[in-house]
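Spelled out from the first residue to the last, the chains are:
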Amino acid sequence: PVADASASDAPPSDAGPGDGAAGDGGASASVTASGLSFAPLGAGARRAWSQPDTTKPADVLDVALTAWGDACSGRVPGEQKALLLYARAVTGPGTYPIKDTVVLGGDGAVGQFSMLEESTFDRSGWPDDVRPACGYDLATHTRWVDGSVTIVRLDAEAVEGSLEARDAAGRVARATFRAPVCLSRKPGTIGCGS
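Let me begin by describing the structure that accompanies this report. (Residues numbered from 1 in each chain as written. Predicted model: local features only at pLDDT ≥ 70, side-chain atom pairs only at ≥ 80, totals over all residues. Heavy atoms only, no water.)

## Some words on the pairing of strand S8 (residues 158-167)
- Sheet topology places S8 next to strand S9 (residues 172-180); 9 bridges connect them, and they run antiparallel. Residue pairing across strands places Gly161 opposite Phe177, the latter belonging to S9.
- The hairpin formed by S8 and S9 contains 4 residues between the paired strands, and Gly170 there has a positive phi angle of roughly 90°. (Pairing = 2+ DSSP bridges. Helix = DSSP H or I, 4+ residues; strand = E, 2+ residues; numbered from the N terminus.)

## Some remarks on the pattern of salt bridges
- The tally for this structure, following the rule as stated, stands at 10 salt bridges.
- Arg143 is the partner of Asp100 in a salt bridge, and the nearest nitrogen-oxygen pair spans 2.9 Å. Linking Asp100 in the loop between strand S5 (94-97) and strand S6 (112-122) with Arg143 in strand S7 (residues 136-154), this pair joins segments that are 43 residues apart in sequence.
- The exposure class of Asp100 is partly exposed, given its relative accessible area of 42%.
- Residue Arg143 is classed as partly exposed on the basis of its relative accessible area, which comes to 35%.
- The partner of Glu157 in a salt bridge is Arg153, and the shortest N-O contact between them spans 3.1 Å.
- Residue classification places Arg153 among the partly exposed positions, given a relative accessible area of 21%.
- Connected through shared salt-bridge partners, Asp146, Glu164, Arg166 and Arg174 make up one network. (Salt bridge = Lys/Arg side-chain N within 4 Å of Asp/Glu carboxyl O. Buried < 20%, exposed > 50% of the residue type's maximum accessible area, 1.4 Å probe, protein only.)

Put into structure tokens, the structure is as follows:
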């Protein structure tokens, strides 16, 4: 995953598949939140392209706020909470709506987010023929149906922003976050397969 097509913003090309390091600048995670069923301690982000034309900025953005500290390189603990933000058509700062759609990240041409609060289940000890590819499963507990995500920074090092969201029962959640961009997805981390 890279931030955009410019060489100066791209992460090192030698980040191997086992590396779970954050961006070069060493951006650290920072999260404050209210209204969730857990208190996030960590965060991580991933960027990619929805189209094969990588001369344009990456427009797929995933941000995970986690109940554990290291969302990029730490193992996913069993039965822990994570808030997952999925976006399409997001290439820079701005305010984007949260939509309750079947397609994670939305299916429109205009930037939008999906937001799910989930629990993780460690499956790393399962036999190879039934173990999930990333060593864990996710079970959705809350789909957030309305609100917005404001991105103030989106580069090769970190994603920073805030959100305000409502679930179907009217519960309101708010958060501010700085999520380091994970340079690669290591099997077992929240960024793998999410």
